[in-house]
Amino acid sequence: MTQTPESRPTALAGTDFVPGPVLLLGAPGVGKGTQAQLLVTKYNIPQISTGDLLRGNIARGTELGLKAKEIMSSGHLVDDEIVNQMVLHRLQEKDTHRGYILDGYPRNLEQATFLDHTVADPIYLPRLPVIAVSIVVSYDKLLARITGRRNCPVCKHIYNVCANPPKVAGVCDLDGASLTQRGDDTEQVFIERMKTFQAQTAPVIAHYHDQGRFEEADGNQGVEAVNVAIEQAILKLRRAPRG
Ligand SMILES: [Zn+2]
């Protein structure tokens, strides 16, 4: 019998691993969308985002969708109760049985508490508590990513003057058009967005942190390395003893 050498450089989870509900957090620009997609593919679980749920319910003309549409057309934000109910319905679908990636929900303490009660209910599977992983990128790096962004007005290709520059500065590689910078990709707008993000997220992080269900993943590295960091955080949280 030949022994197969350890082929995995890191202790990543096998396909039988049940990730359960995972809340992915991160400031604008940390690459949350890319990382969520990688987890969806790796674990074969759905991503549940409130934006998608809202659009889906409105498109299907569900009772909740009609209510949400009415609220939104009057210029208001859809309240917690409607969002909670949309999530509740979504979590009853079969594809969530091994877990799911939560994106943009829970956004506040009320939603987090509601979700905790929901997932603890025996009708929902997997009966695992929600764990939260925050992708953390340094302020300077995030600022450089956002203020370095350049767009091609013709083909819509996005460049970054540091991470992904065009061959000739200010010119699109694909069609030679002059690159532009979006008006809101500035430091001032970034600072405001960060303030809003931190104010909204802090109570949610505190909620999971207090219960030993929160980890950070270092986002100051390449996409693959960040993905490994997130998976390690998930494994650590799932292995952690709970009282
Ligand atoms: Zn172009």
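Residues numbered from 1 in each chain as written. Predicted model: local features only at pLDDT ≥ 70, side-chain atom pairs only at ≥ 80, totals over all residues. Heavy atoms only, no water.

### Regarding the packing of helix 3 (residues 63-73) against helix 4 (residues 80-90)
Two elements in contact, helix 3 and helix 4, have axes whose closest approach is 10 Å; the angle formed by their N-to-C orientations is 150 degrees. The angle between helix 3 and helix 4 falls in the class roughly antiparallel. Note that helix 3 runs across helix 4; the crossing there is left-handed. On the side of helix 3, the interface is formed by Leu64, Gly65, Lys67, Ala68 and Ile71, while helix 4 contributes Ile82, Gln85, Met86 and His89. Across the contact of helix 3 with helix 4, the residue classes break down as 5 nonpolar, 3 polar and 1 charged. (Axes fitted to C-alpha atoms, helices over the stretch in contact; angles between N-to-C directions. Helix = DSSP H or I, 4+ residues; strand = E, 2+ residues; numbered from the N terminus. Parallel < 35°, antiparallel > 145°, perpendicular 65-115°, else oblique. Left-handed = near helix turned anticlockwise from the far one by under 90°. Contact = heavy atoms within 4.5 Å. Nonpolar A, V, L, I, M, F, W, Y, C, P; charged D, E, K, R; others polar.)

### Comments concerning the coordination of the zinc ion
Around the zinc ion, the protein contributes the donor atoms Cys152 (SG), Cys155 (SG), Cys172 (SG), Asp175 (OD) and Asp175 (OD), which lie 2.2 to 2.7 Å from the metal centre. Taken in sequence order, the residues that donate to the zinc ion follow the motif C-x2-C-x16-C-x2-D. Residue Cys155 is found in the loop between strand 5 (149-151) and strand 6 (158-160), and its partner Cys172 is found in the loop between strand 6 and helix 7 (187-210); the two are separated by 17 residues along the sequence. Residue classification places Cys155 among the partly exposed residues on the basis of a relative accessible area of 33%. (Donors = N, O, S within 2.8 Å, 3.2 Å for Na, K, Ca; no water. Buried < 20%, exposed > 50% of the residue type's maximum accessible area, 1.4 Å probe, protein only.)

### Side note on the sheet that holds strand 2 (residues 47-49)
Here 5 strands make up an open sheet; going across it, the order is 2-3-1-4-7 and the pairing parallel. Strand pairing shows two members of the sheet lacking a second neighbour, strand 2 and strand 7 (214-218), which therefore form its edges. Neighbour to neighbour, the strand axes of the sheet diverge by 25 degrees on average, direction disregarded. Pairing of strand 1 (residues 20-26) with strand 4 (residues 131-136) involves 5 bridges; the strand directions are parallel. In the strand pairing of strand 4, Leu25 is matched with Ser134. Here helix 8 (residues 223-239) sits on the sheet and contacts strand 1, strand 4 and strand 7; the angle it forms with strand 4, its principal contact strand, is near 155 degrees. (Pairing = 2+ DSSP bridges.)

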